[in-house]
Structures are given as C-alpha cells and as structure tokens.
Amino acid sequence: MDLYEHQARELFEEHGILVPRAEVTTSAKGAREIARRLGGRVVVKAQVKTGGRGKAGGVKLAADPAAAELTARQILGMDIKGHTVHSVMLAQPVDIETEFYVSYVLDRAAGTFLAIASAEGGMDIEEVAATRPDAVARIPVDPAEGVTGAKAAEIAEAAGLPAQTADVLVRLWGVLTREDAVLVEVNPLVRTAQGQILALDGKVTLDDNARFRRERWGASEAAHEGPLEAEAASKGLNYVKLDGEVGIIGNGAGLVMSTLDVVAGCGARPANFLDIGGGASAQTMADGLNVILSDPAVRSVFVNVFGGITACDAVADGIVKALDTVRLTKPLVVRLDGNNAARGRAILDERAHPLVQQATTMDGAAQHAADLAVSH
Ligand code: GDP
Ligand code: MN
C-alpha cells in the first residue's frame, strides 16, 4: 500500500528528518486559511498516489492566501494519470540550492535492499537514470546490518551527495525498517540556501502483509477505494480495476495473469479482473460475476476456469445462480476445462442463456470475448 505524500512527510518528521511545515485540506477555502497560518507564500501540492505531479501541473507556488485558494481550486478535482485529486497539501516554500534523489528499495532478485541515490535529483530523475546511469549510485544494503553511519557515508560518497546527508540516510533506513515499508523515496531531498538538508517530497510503500498493524493509514485508503473494490473485498474476492473493456474472471493468480495477456494479444484490453481463487463455490462465482458486471466499462466478460480444486460444475452452478439474480446485459464467454469440465459445460448448455457462449480453448475464448467487446 502506498502512502500519500503528506503521510510520508509525517513519518519522516517522526523519525527526525527535516520537512517543510505543511497542512492538508480538501477545500479551497481551507487552503486560504492554511496559507495564512504558514505565513502567506506556500507551495500547493496535489495529494495523489502517483509521481510526476509537478510536470502534470499538480505542484504550484502561490504568493499569498488568496492565490493559494485560487490555486487549490484549480488543483482539487484535477486528474493526474487517472487519479482524481481529493486533497492538497500546502507547504512553506523552501529556497532550494540543490536537489538530490535518495531511496531504499527491496531488491527481490538479489534478495537484499538497495540504496539508490543521485546528486541530480528532481523532476528529471527518470531521464537521468535512463541516459546517464553513472549519475545514479546503486549500493546493496545488507538487511541484517542496515544503514549505519559508515554505510550512509559510503552511499553519500558513491552518489556525490554532501556528507551532511548521511544523517538523513540513517534516519530514512529507520523509516523503512521500523514502519514496515518496502520502499521509501525522497525526491527531491534538498540542500537549502541556508545549508539545511530537507525532504521536500516523499513516497512510502508499506508491506501489505503488515497491514493489520498499520491501521493508522487504513482509513484514508478505504475512503478512496471505489465502491466495487469495497464490495469485492467484503466478499473476500480479489478485484482489480483496469481501463479496458473485457471483464475477466479466472481461478488462480497465474491463470488470471495469462488470461490478461491473451486478451491483450487478441486486440482488446482488460477492463478489470477478478480471481475467484482455488476451491471457489457457486456463491463465490455469483458474487464475482455481480462485481464484474457492475463495472460500466465492461462490454464482454471472459470467464476462464481450469478446474482443479474448484470443480467446473460448481463454477457453472455459480454462473446459473448469478443469471437468476442479475439481469445479464453483456455477453459472457465461458471456457471450462479440467475437473468436471463436461458436467460444467452440460449445466450451461441446459440453461441455454442467449448471452452465454462457451468455448473449448483459452485462445478461442479470448478472441471471441475480445471481438465482442470491440464490435459491441
Ligand atoms: P512530483 O513531481 O510529484 O515528484 O512532486 P515534488 O513534490 O517532487 O515537486 C516537484 C518539484 O517542485 C520539485 O522537484 C521542486 O523542484 C519543486 N518544489 C517542490 N516544493 C518546492 C518548494 O518548496 N520550493 C521550490 N522552490 N520548489 C519546490
Ligand atoms: Mn518528487
């Protein structure tokens, strides 16, 4: 789970990392009041869980409280890479001398943590990393040893950061390890004209496995999850919204992932996907279908099930059950294979719903669902 910038900022502050004074609001009027409290001149920053806000016009300087209100009004409601801005953070502006980049990430392939740092931080860090990889230092961090003062000095030196950033590097490691994070990133970490080191932006990704003890961040997350995600979660289903037109239901993460690929290969885009998991009951199938069909972007649905623990006849029963409770308005392409496939197919044949069509192969079913979605 990703945190908002203002939440990351709060964590940094708790760990003794210097951050600008700032407050969050969901209204333009609130922005004016905060600006007044912060001394007039402020930076207005969109709070969305995606990067590149600066380039998208989501980070703006305002000269006084009236300008802050106007700017907040512009930024609130804005769409940044598919994320609607529901709140803004107002921060005291900082007189930047130099921008650095620092992060700790979990390097799954190497089975360790990695410190990534660069003396050329700021909004163009991706380009720097792509065109001049030498300007970005990548130093493995042994998780058992962590970032000690000596390690921090090594990272700073490798990246060409001033020695005084070492203290922040040690504290940032504390954020990663003591807050159950798998990623912390500060871009930019700045040196001000007054010589202070400040974290001006922050990204923190928490380990979802530790969610149960990170309730503190849970409420805001739930508030912004869509209603379909909430409904699916309440029924114990894994539902993910995407931006295409084919709804996808499958059993097991591997099959669902390859189903997404095959549909994409057939010239359509997945609208969402739902993993009914192993051992799914008829009820699970009916619940899943209800969720997928409630997504207005869906034009056709592809149900791809390879029966193992989940028997195909239970899946077919679930589809039939769903057909009794939802009014099907979109075509359903079903491919059943594996455990009890023949019985499952017979159940659907018998129900003979005009919008339900069966296919015997995954590729054939995907092509059919894709064609229906694109021509529909
Ligand atoms: P991002 O684009 O989503 O990464 O948003 P950032 O919070 O990193 O802001 C983008 C850029 O805005 C930063 O790289 C800074 O150059 C600039 N910026 C942010 N806060 C301040 C500030 O207080 N003063 C000044 N002068 N620039 C700022
Ligand atoms: Mn940034």
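The shown structure was predicted, so the numbers you read here are calculated from the model rather than taken from an experiment.

### Some thoughts on the UniProt feature "binding site: Mg(2+)" (unreviewed entry) in the protein chain
Here, UniProt's "binding site: Mg(2+)" (unreviewed entry) annotation points to Asn187 and Asp201. You can see Asn187 is positioned in strand S10 (residues 181-192). Relative accessible area serves as the criterion here: at 12%, Asn187 is assigned to the buried category. Setting aside residues up to four positions removed in sequence, Asn187 forms contacts with Phe100, Tyr101, Gly121, Gly122, Ile125 and Asp201. Setting aside residues up to four positions removed in sequence, Asp201 forms contacts with Glu5, Phe12, Lys45, Arg53, Glu185, Val186, Asn187 and Pro188. Here the side chain of Asp201 touches Arg53 through a polar contact of 3.0 Å, side chain to side chain.

### Some remarks on the sheet that holds strand S15 (residues 270-275)
Spatial strand order, S13-S15-S14-S16-S17-S18: 6 strands in an open sheet with mixed pairing. Both edges of this open sheet fall to strand S13 (238-241) and strand S18 (356-359), since each of them pairs with a single strand only. Pairwise comparison of adjacent strand axes, ignoring direction, gives a mean angle of 15 degrees for this sheet. Bridge count between strand S17 (residues 332-338) and S18: 4 bridges; the pairing is parallel. Residue Leu332 lies in a different strand from S18, and its bridge partner there is Val356. Against the sheet, helix H13 (residues 362-375) makes contact with strand S14 (246-250), strand S16 (300-307), S17 and S18, and its axis sits at roughly 165 degrees relative to S16, the strand it touches most.

### Observations regarding the coordination of the manganese ion (ligand 2)
Protein-derived coordination of the manganese ion (ligand 2) comes from Asn187 (O) and Asp201 (OD), at a distance range of 2.1 to 2.2 Å. Of the two residues, Asn187 sits in strand S10 while Asp201 sits in the loop between strand S11 (197-199) and strand S12 (203-206), which places them 14 residues apart along the sequence.

### Regarding helix H9 (residues 253-265)
Each turn of an α-helix holds 3.6 residues, which means side chains three or four residues apart point in the same direction. For H9, which comprises 13 residues, the first-to-last C-alpha distance of 18 Å matches the rise-based estimate of 18 Å (1.5 Å per residue) to within 8%. Three or more residues of H9 are buried, namely Leu255, Val256, Thr259, Leu260, Val262 and Val263. Considering only its buried residues, H9 is in contact with S14, S15, S16, S17 and H13. Taken from the residues just after H9, Gly267 is the one with a positive phi, measuring 90 degrees.

Rules and cut-offs
Residues numbered from 1 in each chain as written. Chains lettered and ligands numbered in written order. Predicted model: local features only at pLDDT ≥ 70, side-chain atom pairs only at ≥ 80, totals over all residues. Heavy atoms only, no water. UniProt positions renumbered as here; feature names shortened; annotations may be inferred. Helix = DSSP H or I, 4+ residues; strand = E, 2+ residues; numbered from the N terminus. Buried < 20%, exposed > 50% of the residue type's maximum accessible area, 1.4 Å probe, protein only. Contact = heavy atoms within 4.5 Å. Polar contact = N/O pair within 3.5 Å; in protein donor to acceptor, adjacent residues only side chain to side chain. Pairing = 2+ DSSP bridges. Axes fitted to C-alpha atoms, helices over the stretch in contact; angles between N-to-C directions. Donors = N, O, S within 2.8 Å, 3.2 Å for Na, K, Ca; no water. Expected span 1.5 Å × (residues − 1).

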